[in-house]
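Examining the three-dimensional arrangement
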Amino acid sequence: MKILEIKNLRKRFGDTEVLKGVDLSLQKGEVLSIIGSSGGGKTTLLRCMNFLERANCGEIVVNGKTVYSAKEGEKPEVSPEAQLSFGLVFQQFNLFPQYSVIENLMLAPKLRAKGKAGGETVDEIRTRAESLLLRVGLEEKADDYPCQLSGGQQQRVAIARALMLAPEILCFDEPTSSLDPELTGEVLNVIRSLKDNGHTMIIVTHEMEFARYVSDRVVFMADGVIEEEGTPDEVFGNPKSEKTKAFLSVGMGKL
Amino acid sequence: MKKIISLILTAVILCTLFISCDTAKSDVQSVKDAGKLVVGVTVYPPMDYLDDNGEWTGFDAELAQQFAETLGVNCQIVIIKWDNKVAELNSNQIDLIWNGMTASDELGEKIDFSVSYAKNAQVAVVKKGSTLTADGVKDAKIAVENGSAGATVAEETVKGTNINKVGAMVDALNEVLAGTSDVAIIDITMAQSVVGKGVYADLEILDGASYGDEIFAVGLRKGSDLKAELDAFLKAKYADGTMTALAEKYNVGLNTDALK
Amino acid sequence: MELFIEVFSKLGNGFIIALLLFALTLILAIPLGLVMCFCTMSKFKPLSLFSKLIVWVLRGTPLMLQVFAIFYLPGLLKLFVWPQMNTGWVWFDNTFSTRFIAALVAFAINYAAYFSEIYRGGIESIPKGQYEAGQVLGLTKKQVFFKIVLLQVIKRIIPPMSNEIITLIKDTALANTIAVYELIFEAKEFMTVDGLIWPLFVAGGFYLVFVGLLTILFGRLEKKLDYFKA
């Protein structure tokens, strides 16, 4: 069953066309990695999916329901439900510094439940937050503030925070790029465990080894289009496009 | 929606800038409507000052209160900044300036005067034992109250070369006390009331340095219809002897020619 | 001794007026500054340009001139005269005189302009990621501002705000331009009437003590928000 379908997504910044018509689909429970050199449009694609940028034209369909549809010159509104179909983990974590770890997790669900009859109680939210912290291995850090945590710990909190809203699709924007190398492992382990739990995920990453190991499918983006798409073995083992080959040889050379 | 709010906000701000309401009423009428006569003064013994109970008293203050009574309204005496007296009048913050004010030609261009009720002169005040003579005032460091008759005298009559304009007549005296100025030119009325006493015990009025014969009058807005009532009041108070009694009480020299 | 009591009681009254002017100015200027800040940051060009012009004028001309203009200009231009309080409660009517109200309006507008620029600096210094994190968690713009951004802004603006607020208590002395009977006015009356200079220095002591209290207060506030880094 298709959980996500993106049709002909285009995005311009001024005169520069960053996405030149991207089509993409995703099955429930699938893990998709997007790779490619900087400026290829992969982060913009992720940001368009999360409505941090409004695509100039194209469609986004979640579970068969069109949540975003723009023609040239339109700027459609995004419903809260559409927004919450997606969760996003940022490169820079973006935790709220004035809230403790557990409060970071509870803030959004609490605000959503407020004033709604039959909504989740604060105790229920707290129980859920505690169990998610357990899952990312940070149960003792519940009352710490973000500034007291290491980068890897902050990113794990950010993942737990995104999961609090139970998004259909969880997106990662280069989740380990601003971490010290010795801290990337703990974050990647958490992402791996999410795959085992059946979460649908899209990961923009530079970690080729990890992409190969965790993904069901890999997309290579260059110059605002999807250049090549396939299983990790196909894309990494036997790339067809010249651009993919060039990118991988440089990338692998570094490793 | 946001744009509409922004537009409305802009419009409101613009409108408040141009709000206006009619204030072109006769002064007598608006004083009676308000139920009070607002008189602008500074603390200036013996014309206007506060007694031990904090009530206004003095030659001018008593007259002002009586004038308000004849109009059938309350008298509200407020302290103003002397520098701003014309603006206070013209912006309708006060109705009269009644504060031993010298009716100079220069001031007469901006405001109207009542009939003159008292006389005044400017004198030079120096430290006791000062070697300064009346002739030497011209070249001395002179302290005067900015905008006062003393300042005009210092500039035009004495033709002083080193004039220091301060905020009040007492500041001018303080300048002399502190030695930052050699001589102060102030009203004789004021000088007689404070010099040689209290903190000013070390000062004296310089012999032979008396300038100009000035007249005191009440200040009104240009064209104010209060003038007719005020002139009639002043003349009546002189005629019935009230003013003569007050002049003795407060040691003020009446301008008897004008009041007849 | 009697003179001492008289000086202190009069200066005390003047100080109460100065404190009232100080407190009411803050109560008005803090929210008004936020409104001005949003106006200057508005995406609607005429509004933002117009409010930037206002802020420029308010910050670019002496406060003394503004106090003067707000008190005298309406009457001089025959627009209106500042209303007189008339509750019959003498202390109230005398304290909130036309002069006091005009000074309050001038101070509130002037300080709001300064505050608005401090707010703007604070708001613009918050990383974009905080807004984006709020958005992807499904928070409304209002919730993002009040629940996420505001406290971080407050933490950042406390040092510049405390500076302005300390300046404000001393600036209340400018109200004596239009003869508001505040602390310096009362002290100067002693100079004018009795030729006493020392009450002026006593008045200085009043300010000094109050600024000391403010400094301690702001120090505590800063410490209270020390638990997070923003």
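Structural data are supplied above this passage.
Residues numbered from 1 in each chain as written. Chains lettered and ligands numbered in written order. Predicted model: local features only at pLDDT ≥ 70, side-chain atom pairs only at ≥ 80, totals over all residues. Heavy atoms only, no water.

**A few points about the side chain of D231(B)**
All names here are of chain B. For clarity, the cut-off: Runs of E in the DSSP output that reach at least two residues are strands. Runs of H or I that reach at least four are helices, and both are numbered from the N terminus. Burial status follows relative accessibility: with a 1.4 Å probe on protein chains alone, a residue under 20% of its type maximum counts as buried, one over 50% as exposed, and anything between as partly exposed. Any pair of nitrogen or oxygen atoms within 3.5 Å is treated as a polar contact; in protein, a donor-acceptor pairing is required on top of that, and neighbouring residues in sequence qualify only through side-chain atoms on both sides. For this analysis, residues touch if any pair of their heavy atoms sits within 4.5 Å.
Structurally, D231 is set in helix 9 (residues 226-239). Since its relative accessible area comes to 14%, D231 is described here as buried. One polar contact links the side chain of D231 to the main-chain amide nitrogen of V115, over a distance of 2.8 Å. Apart from the residues lying within four places of it in its own chain, the contact partners of D231 are S114 and V115.

**Examining the interface of chain A and chain C**
Stated formally: Each of two parts loses accessible area, computed with a 1.4 Å probe, when they are put together; buried area is these two losses added. By convention in these notes, a salt bridge is any Lys or Arg side-chain nitrogen within 4 Å of a carboxyl oxygen on Asp or Glu.
Chain A puts 24 residues into the contact, and the matching count from chain C is 20 residues. Contact with chain C buries surface across chain A, with F96(A), Q98(A) and L111(A) losing the most and accounting together for 28% of the total. Summed over the shared surface of chain A and chain C, the result is one salt bridge. Its salt-bridge partner being R47(A), residue E132(C) comes within 2.5 Å of it at the nearest N-O pair. Here chain A and chain C share ten residue pairs in polar contact (both at pLDDT 80 or more) between them. For the side of chain A that touches chain C, the elements supplying multiple residues, two or more each, are helix 2 (80-85), strand 6 (86-89), helix 3 (101-113) and helix 5 (151-163) of chain A. Considering every element that reaches the side of chain A that touches chain C, the biggest residue donor is helix 3 of chain A, with three residues.

**Considering the interface of chain B and chain C**
Put simply, the rule reads: When residue character is reported, Ala, Val, Leu, Ile, Met, Phe, Trp, Tyr, Cys and Pro are called nonpolar, Asp, Glu, Lys and Arg charged, and the others, Gly included, polar.
Across the boundary between the two partners, chain B contributes 34 residues, which contact 31 residues of chain C. The contact between chain B and chain C buries some 2,900 Å² in all, and 61% of this surface belongs to carbon and sulfur atoms. When the area that chain B buries against chain C is broken down by residue, the three leading residues are I79(B), K81(B) and Q93(B), summing to 19%. For R99(C), the salt bridge goes to E88(B), with nearest N and O atoms at 2.9 Å. Viewed at the interface, chain C and chain B are joined by seven residue pairs in polar contact (both at pLDDT 80 or more). Element by element, the count of residues in the side of chain B that touches chain C is highest for helix 1 (residues 2-18) of chain B, at eight residues. Of the residues belonging to the side of chain B that touches chain C, the class tally is 18 nonpolar, eleven polar and five charged.

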